[in-house]
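What follows is each chain in one-letter form.
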Amino acid sequence: MDAPLLKNLQIYPNPVTSSSVVSFELDKATSVELSLTDVKGRRVFRQDLGFMGNGKHTAQLCPVQILSALPNGIYCCRLKAGDKTLSRRISLLR
């Protein structure tokens, strides 16, 4: 059985100042999870986006309340769909 293909992960705006949107594309329906880790690999946010169909999707990176509590710096945004994971670095600046 082929794993769902996750592609075109983009985060905008980047650097993030208050909120940001994650866009991505799936070629098959699957469960999707979004997480944010700091440079030491500690997960600071995780959200189950649920089961999503094939096609283009967008999601809020993280609630503004959580982003505003994080210090400025570099973070890794990871999107997991099935057994595929894509990640992008983001800068948090306020």
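Novice: Sorry, what's going on with the sheet that holds strand S3 (residues 30–37) here?
Specialist: Neighbouring strands of a sheet are bound in pairs by backbone hydrogen bonds; such pairs are parallel or else antiparallel. Overall, antiparallel pairing links the four strands, which are arranged S4-S3-S6-S7 in an open sheet. Only two strands of the sheet have a single neighbouring strand rather than two, namely strand S4 (43–52) and strand S7 (84–92). Within the sheet, the average angular offset between the axes of one strand and its neighbour, ignoring direction, is 15°. In terms of strand pairing, strand S6 (residues 73–81) meets S7 through nine bridges, oriented antiparallel. Counted as the bridge partner of Tyr75 is Ile90 from S7.

Novice: Before we go on, may I ask you to explain the nonpolar core in this structure?
Specialist: What tends to happen in soluble globular proteins is that the nonpolar side chains get buried as a cluster. Residues Val22, Phe24, Val32, Leu36, Leu49, Leu61 and Leu79 are the most contacted members of the largest nonpolar core, which totals 24 residues. Broken down by secondary-structure element, the contributors of at least two residues to this core are strand S1 (6–12), strand S2 (21–26), S3, S4, S6 and S7. Top contributing element to this core by residue count: S6, with four residues. In contact with Phe24, not counting residues within four places along its chain, are Leu6, Lys7, Asn8, Leu9, Val32, Leu49, Met52, Gly55, Lys56, His57 and Leu79.

Novice: Would you mind showing me how to read the sheet that holds S1 here?
Specialist: Read from one edge of the open sheet, three strands run S1-S2-S5, paired in antiparallel fashion. With one partner strand each, in any of the chains shown, S1 and strand S5 (55–60) form the two edges of the open sheet. Between one strand and the next, the sheet's axes are offset by a mean angle of 20°, whatever the strand orientation. Here six bridges tie S2 to S5, and the two strands are oriented antiparallel to one another. Across the sheet, Val21 pairs through a bridge with Gln60, a residue of S5.

Novice: What is the right way to read unusual backbone geometry from this model?
Specialist: Glycine aside, residues mostly have negative phi, and peptide bonds are mostly found in the trans state. The omega angle of the peptide bond from Tyr12 to Pro13 is -5°, so this bond is cis rather than trans. Within the fold, Pro13 resides in the loop between S1 and S2. A cis amide bond links Asn14 to the next residue, Pro15, at an omega of 20°. Mapped onto the secondary structure, Pro15 falls in the loop between S1 and S2. Look at Asn8: it is not a glycine, yet its phi comes out positive at around 60°. As for its position among the elements, Asn8 is in strand S1.

The rules behind the values
- Residues numbered from 1 in each chain as written.
- Predicted model: local features only at pLDDT ≥ 70, side-chain atom pairs only at ≥ 80, totals over all residues.
- Heavy atoms only, no water.
- Pairing = 2+ DSSP bridges.
- Helix = DSSP H or I, 4+ residues; strand = E, 2+ residues; numbered from the N terminus.
- Axes fitted to C-alpha atoms, helices over the stretch in contact; angles between N-to-C directions.
- Core = buried A, V, L, I, M, F, W, Y, C linked by side-chain atoms within 4.5 Å.
- Buried < 20%, exposed > 50% of the residue type's maximum accessible area, 1.4 Å probe, protein only.
- Contact = heavy atoms within 4.5 Å.

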